[in-house]
Structure formats: C-alpha cells, structure tokens
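Now for the letters of each chain:
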Amino acid sequence: MIQNREDIRNIAIIAHVDHGKTTLVDQMLQQCSSYRENQQVVERVMDSYDLERERGITILAKNTSVRYNNVKINIVDTPGHADFGGEVERVLGMVDGVLLLVDAYEGVMPQTKFVLHKAMLSNKKIIVVINKVDRQERRIDEVKDEILDLFIDLNCSDEQLDFPIVYASARQGYATLDLSQESTSVFALLQTIIDHIPAPKGDSTSPFQMLISNIDYNDYVGRIGIGRIERGEIVKNQRVALCRENAEAVNVKISQIYVFEGLKRVETEHAAAGDIIAISGIDEINIGETLCDSQYPEALHFTQIDEPTISMMFLVNNSPFAGREGKYVTSRNLRERLFREVKTNVSMRVEETDSTEMFKVSGRGELHLSILIETMRREGYEFSVSRPRVIFKTENGQLKEPMERLLIDVPEEYIGVAMEKTGLRKGEMLDMHNNGQGTVRLEFSIPSRGLIGFRGEFLTDTKGNGIMNHIYDGYADYKGDIAERPRGSIIAYETGTTTAYGLNNAQERGRLFVDAGIEVYEGMIVGENAKTEDLLSNVCRKKHVTNIRAAGSDDAIKLTPPVRLSLEQMLEFIAEDELVEITPKNIRMRKKILNKEQRAKAQSRPK
Ligand SMILES: Nc1nc2c(ncn2[C@@H]2O[C@H](COP(=O)(O)OP(=O)(O)OP(=O)(O)O)[C@@H](O)[C@H]2O)c(=O)[nH]1
Ligand SMILES: [Mg+2]
C-alpha cells in the first residue's frame, strides 16, 4: 500500500555558484534551533571541509535537516561551481523537489540553467527563491523575466511553469512571498516547502529498497552510504542484498542506521520508505548501488552522469627530490588512491596507460582536478601532473572538441580587450547587452581549450574588474589551432641552492618564481622568460670570492620579490613538455626531461 509520508519533505538546494545556498541553510538551521544552547554558531557551517572553508565554495553535496510545524525537512546543500555539477546530478535521486536560488542582481547564470535542466529531467517540483534581495543593485523584475524565459527555453511542462516564487535574504535571515510584507524569519520559505513539495511516497510494507546517492567516510565506522529509502523498512543489523545493474547481488549486513537531525547524525533502530538515512557496516558500498531485501534483489537505475571534458596525466614523481617530502610515493600508492577516488567522485574517470608509472585522470574542469590534487597533497601523496588537455572525439571522421558558454561581465572600457582576447581563442560572440550601471554582459561560444589559462589573463586585462563564468556546452567541430603561451620558461642549469647573485642575472630576463636560498634541481622551472624560447640560467652561481669586499657583496643585491603562482596558475602555465611536481610541502614546475643535453636531443628529433 502506497502511503504519503506527510511528516517528511526531501529537498535539494541548487543554484549557480555563490548565489547563497549554504548561507540559506545556515539560517534554516539557526531559526529551527538546530544549535544547542551555548553552541557557537558557525558561518556556512555545511562547508565543513578545509578546502571548502579556505576557498569559500561548496565542493561536496551534504545532507542536513530541520523541523518545522511537525514536518522534518531533509535538505541537501549542493555545490554551484560548474566543475562539481556531478554532485548535483547524483543527489537529485534522493529528493522530491528543489529550491532554485537566483541572485537578485546577477540573475540567471550558466549553472542556473544546468541545474534547473537536471531537476526538470528528473521531474522535481521546483520552488524559485530570488535571494539577496537586500542588495541595493537588485533588479527583481528583470530577474523574474529571465527565470521565466529559462523555464520556457528548457521546455518545461505547464505544471513546472506554475512555480512559487519566494524572495529572500539569506544573509539577513528572512524570506517572504510578498516583498511589500516585511519579514524577519525564513519561516515563509519553510511553509512553502511543506505546501508545494510533495511528501515522499512509499510503501513501507513491500520489500526494502534503497539507492545509494552519496558516500561519506568516518574513522570509527568506515564507509557510510547515504540515500533515500524507496520502499519497505530497515532495522539495525539487518542482512540485505547489495545490487548493481547487470551484476550479481552480494549479501551484506548493515550495522548502524542514522538519520540527519540538524548538524548531527543520530542513530536509529528503524527507518522506512521516504526517510533519508545513512548506513554503516558495508565497506565495499558505492554510489549507484542498491540495497535490497535479500529475497528481492532488484537494482534501481542510477542516473547517467555527464562525461568528463578535460584530462591530465598523473605520474609517479621522478624528480631528484622525489621521496623527500611525501608519505605515499610509489606507483602502487598512486594507483590505489586514484581508483579509490572514482568510487565516490562520480564524474571523474581514471584509466591505466601503457606505462605503470602514469595514469590518465579525467574530470569536468580544471578545478575538479586541482581539488583532487590539493586533497591528495594534504594526505601525504607525492606525484607529478601534466598540463590539462581537453578530451577530443571523432565522429564520422570529423574531429570534435568540447565547447563552453562563456559569460563575461565587464565595465564598458574593457569590452575591446575582452573581445580581442576571446577572439584569439576562437570565441564567437553570441550576445551583448548592457546591464546598466556601466557594465556590459557578453556571451560567447568558445572551445574549452581556449579557456585553459584564460582566467588569469582576463583578470590582469580587466585589472580585476571583470567577472567570468563558463559552462560546458556540448561538442562541436574542431575550431582550428589556438596560439600557445607566448613565453618560455627560465630553467635551472644545475642542481643546487639559488643565490641572489645567480638570480639577479636571471631576473633581468623575465619574472622569477623562486627566492634566494631555495633548493632547485637541473631542469626545474624557476621563472618565466620574456621571450618565447626557454632560457637556461645558472641561478645557483656564486660570486667568486677573490677578496674580502666581494665576499660580502651578495647582500647588496636587491631581488624583486618572486611571483608566487597558485596550483591552478601553475597548471595553466606549464607547456606540453613540462610538469607540475606536487609534494605535501612544495609545488614545483619542471621540464619533463630534466637533463639539458637529453632535452636538446629530444627537441631536435623530427616529430
Ligand atoms: N548581500 C547578500 N549576500 C549574500 C546573501 N546570501 C549569501 N550571500 C553572500 O554570498 C556569498 C556566497 O554565499 P554562499 O552561501 O557560500 O553561496 P553558495 O551558493 O553556497 O556557493 P557555492 O556553494 O560555492 O555554490 C557569501 O559571501 C555570502 O555572505 C544575501 O542574501 N545577501
Ligand atoms: Mg555553498
């Protein structure tokens, strides 16, 4: 018998990056008193991982819940950055509806379209939340029109078009259905969720079935599977079947069952259809698998996640400094870690290559890959990576490449440079309109290839006044060659410690990435040459000590402070014949072939 669980609502919050999802969850938690008395209130509390806090963005989707008017609202906070779109896709299976947040000034952005499209494809009920209505520059009527246009563009059903709109300021903690009515809480939003999002349907008397949509890990209990119970009931310590589409089921035993209560996970003896739960005890559990009643092993279908568009080689570190700083350095370590990653990072792929020292890792964008690199580095891994490359395809003999929709917001005086630079990268302008207040929005279709290394250049060109957003937009015919990085590298001539004397000579030729007193090795990149070719420089050279005066004269040299590139900037900087070396303590750039004679030989060989 199908029942409605009127005591529950299951929703996900989806939006473009930074439109305020995690801040809104904060307010729901605070106002529904999910905090104990005296417990310190943390801003963006759901962004609990170090990298999320450091970068101010959500990377992984996470569950929480609040209680309002005797209804438990299970909430999934999702990331808005396009590179983590796979996180949104995989959690939609857990919920019956979504809150689509749109910034009252920025309006509809590329990722708004992506996440709404995914929600519509899986028939979710939608509530639109126009957030940040406290912003002075808000343009609510236009933004409403943009949202309406978007729904129509995406071929929504009449029912979907009939969405409620809630106005909110997540930062100030209020929501209202009518902007002329003042509000001091988010309760109007919670009530709208209860009224408009259907209660989960499920038959708790039929055999148990639950799709795993998310995985977590905890040192005490190991792997934790998270999902929504589709039908039936489950009790602690129950034996169930673990099923996968087109594979044999295996018998496993669940140990603990947890439900989400505010910021905590609370153990429970029993859960039923409609509940979102976490279970421990199954070490081999993966996203996309189904837990079933042992008598009825029926796997549920798991959504096809969009394919990766960019790839990079991960190599065992073979620099002269290899093994000095990392805990995990062997090819076995690297292999095990990468294949473990793809079990939870559903839109990432790892492939073996013809060398056991090298793995091909593919993801949804540079950030998707660089977050993995940074995470592994912090775990104690040491390895090196190649320049990111887009993934080409051939269809009917025609070379195809991934394309992006690029949105650029710039003050009027930078339109010229924005058009020139995107043009060089084979961008084609599709639209331009004035946002008012002196800024212009330009929309381009551009090869993904053209965007590698573009962000840094764009920020310099617009003196930090430009905003760019892009999102994958399918494959198209190859657009022709794009000119490479116009500058060469300054390369250390020999292994040693840099001296002010040696660097002083080098700094006249370009810009330096290292200071004096740093250990370098032959073939390591220490700077950027102002000219197109590479330059060897003896940056460890000491001044000959011929007399006492000269011996002390190194101190008198004034070096320009070196440019410190971030990991992402390095990935964009390196050329095809270069690598980034990653260790827990350092990130260095190097030539693939370190020895200068061997490198010269390789270059002179016909390709
Ligand atoms: N003025 C204003 N700022 C807001 C509001 N809501 C959020 N912000 C700010 O917007 C920024 C981004 O907020 P987040 O809550 O991290 O946004 P998000 O949608 O979770 O971002 P991602 O998860 O990375 O996609 C923060 O600086 C917030 O303080 C609002 O209602 N008004
Ligand atoms: Mg967030």
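Residues numbered from 1 in each chain as written. Chains lettered and ligands numbered in written order. Predicted model: local features only at pLDDT ≥ 70, side-chain atom pairs only at ≥ 80, totals over all residues.

### Let's talk about the overall build of the protein chain
When its secondary structure is counted, the protein chain shows 16 helices and 37 strands. Its C-alpha atoms give the protein chain a radius of gyration of 27 Å, within 12% of the compact-globule value 25 Å for 607 residues. By principal-axis analysis of the C-alpha atoms, the protein chain measures approximately 95 × 65 × 60 Å. Scored against the burial criterion, the 607 residues of the protein chain give a buried share of 42%. For the protein chain, the share of sequence-separated contacts (at least 6 apart) that also reach a separation of at least 24 residues comes to 72%. (Helix = DSSP H or I, 4+ residues; strand = E, 2+ residues; numbered from the N terminus. Rg over C-alpha atoms; globule rule 2.2 N^0.38 Å. Buried ≥ 20, exposed ≤ 12 C-beta atoms within 10 Å, placed from the backbone. Contact = placed C-beta atoms within 7 Å.)

### Some remarks on unusual backbone geometry
Not every positive phi belongs to a glycine, and Asp18 is a case in point at roughly 70°. In this structure Asp18 comes out as partly exposed when scored by C-beta crowding, with 19 C-beta atoms within 10 Å. Non-glycine residue Asn237 carries a positive phi angle of around 65°. Inspection of the secondary structure assignment puts Asn237 in the loop between β12 (233-235) and β13 (239-243).

### Some points on the environment of Lys201
Locating Lys201 in the fold gives a position in strand β9 (residues 201-202). The class of Lys201 is partly exposed, set by 14 C-beta atoms lying within 10 Å. C-alpha separation for the pair Lys201 and Asn4, spaced 197 residues apart in sequence, amounts to 4.6 Å.

### As for the sheet that holds strand β6 (residues 125-131)
Spatial ordering of the open sheet is given by β3-β4-β2-β5-β6-β7-β8, a layout of seven strands whose pairing is mixed. Pairing within the sheet leaves two strands with one partner each, and these edge strands are β3 (62-68) and β8 (174-176). Shown here is a sheet whose adjacent strand axes are inclined to one another by a mean of 30°, direction ignored. Of the strand pairs in this sheet, strand β2 (residues 8-15) and strand β5 (residues 97-103) are connected by five bridges, and their pairing is parallel. By the bridge assignment for β5, Ile11 is matched with Gly97. Sitting on the sheet, helix α4 (residues 110-121) is in contact with β2, β5 and β6, with an inclination near 150° to β2. Along the sheet face, helix α7 (residues 187-196) touches β2, β3, β4 (71-77), β6, β7 (165-169) and β8 and points at about 165° away from the line of β6. (Pairing = 2+ DSSP bridges. Axes fitted to C-alpha atoms, helices over the stretch in contact; angles between N-to-C directions.)

### Re the site of ligand 1
Of all residues adjacent to ligand 1, which total 21 residues, the nearest are Gly20, Thr22, Thr23, Thr58 and Gly80. Examining the composition of the shell around ligand 1, we find that three residues originate from one element, helix α1 (residues 21-31), more than from any other. For the shell around ligand 1, the residue count by class is five nonpolar, nine polar and seven charged. (Near = placed C-beta within 6 Å. Nonpolar A, V, L, I, M, F, W, Y, C, P; charged D, E, K, R; others polar.)

### Some words on the nonpolar core
Counting residues in each nonpolar core, the largest one holds 85 residues, and the members touching the most others are Leu100, Val129 and Ala168. When residues of this core are assigned to domains, at least three fall in each of domain 1 (3-200) and domain 2 (203-292). Setting aside residues no more than four positions away along its own chain, Ala168 makes contact with Leu24, Val129, Asn131, Val133, Tyr174, Ala175, Val186 and Leu189. Of all hydrophobic cores here, the second largest spans 43 residues; its members include Phe513, Ile518, Leu579 and Val580. (Core = buried A, V, L, I, M, F, W, Y, C linked by C-beta atoms within 7 Å. Domains from an automatic or database assignment.)

### Looking at the domain arrangement of the protein chain
By domain assignment, the protein chain separates into domain 1 (3-200), domain 2 (203-292), domain 3 (393-477) and domain 4 (489-564). The C-alpha-based centres of domain 1 and domain 4 are spaced at 53 Å.

### Focus: the pairing of β5
The buried count for β5 comes to six of seven residues, which makes it a mostly enclosed element. In terms of strand pairing, β5 meets β6 through seven bridges, oriented parallel. Residue pairing across strands places Val102 opposite Ile130, the latter belonging to β6. Crossover connection from β5 via α4 to parallel β6: handedness right-handed. (Right-handed = clockwise from strand over helix to strand, strands pointing away.)

### So, the environment of Ala476
Tracing the backbone shows Ala476 in strand β29 (residues 467-477). Distance from Ala476 to Pro402, taken between C-alpha atoms, is 6.4 Å for residues 74 residues apart in sequence. If sequence neighbours within four positions are ignored, Ala476 has contacts with Lys400, Glu401 and Met403.

### Notes on the pairing of β6
Side-chain direction in a regular strand flips from residue to residue, so the side chains alternate between the two faces of the sheet. The buried count for β6 comes to seven of seven residues, which makes it a mostly enclosed element. The alternating pattern of β6 places Lys125, Ile127, Val129 and Asn131 on one face and Ile126, Val128 and Ile130 on the opposite face, and all of these are buried. Sheet analysis places β6 next to β7, joined by three bridges and oriented parallel. Its bridge partner lying in β7, Val129 is registered against Val166.

### Things to note about the sheet that holds strand β14 (residues 250-253)
Taken together, eight strands build an open sheet; the order of strands is β14-β13-β19-β10-β11-β18-β15-β16 and the sheet is antiparallel. Lying at the two open borders of the sheet, with one neighbouring strand each, are β14 and β16 (264-268). Geometrically, the sheet is characterised by an average inter-axis angle of 40° between neighbouring strands, direction not taken into account. In this sheet, strand β19 (residues 290-292) lies alongside strand β10 (residues 209-218) in antiparallel orientation, the contact comprising three bridges. Across the sheet, Leu211 pairs through a bridge with Thr290, a residue of β19.

### Observations regarding the environment of Pro388
Summarising the element assignment, Pro388 is placed in the loop between β23 (383-386) and β24 (389-390). Of the residues examined, Pro388 has 23 C-beta atoms within 10 Å and is grouped as buried. With 77 residues separating them along the chain, Pro388 and Ser311 place their C-alpha atoms 5.6 Å apart.

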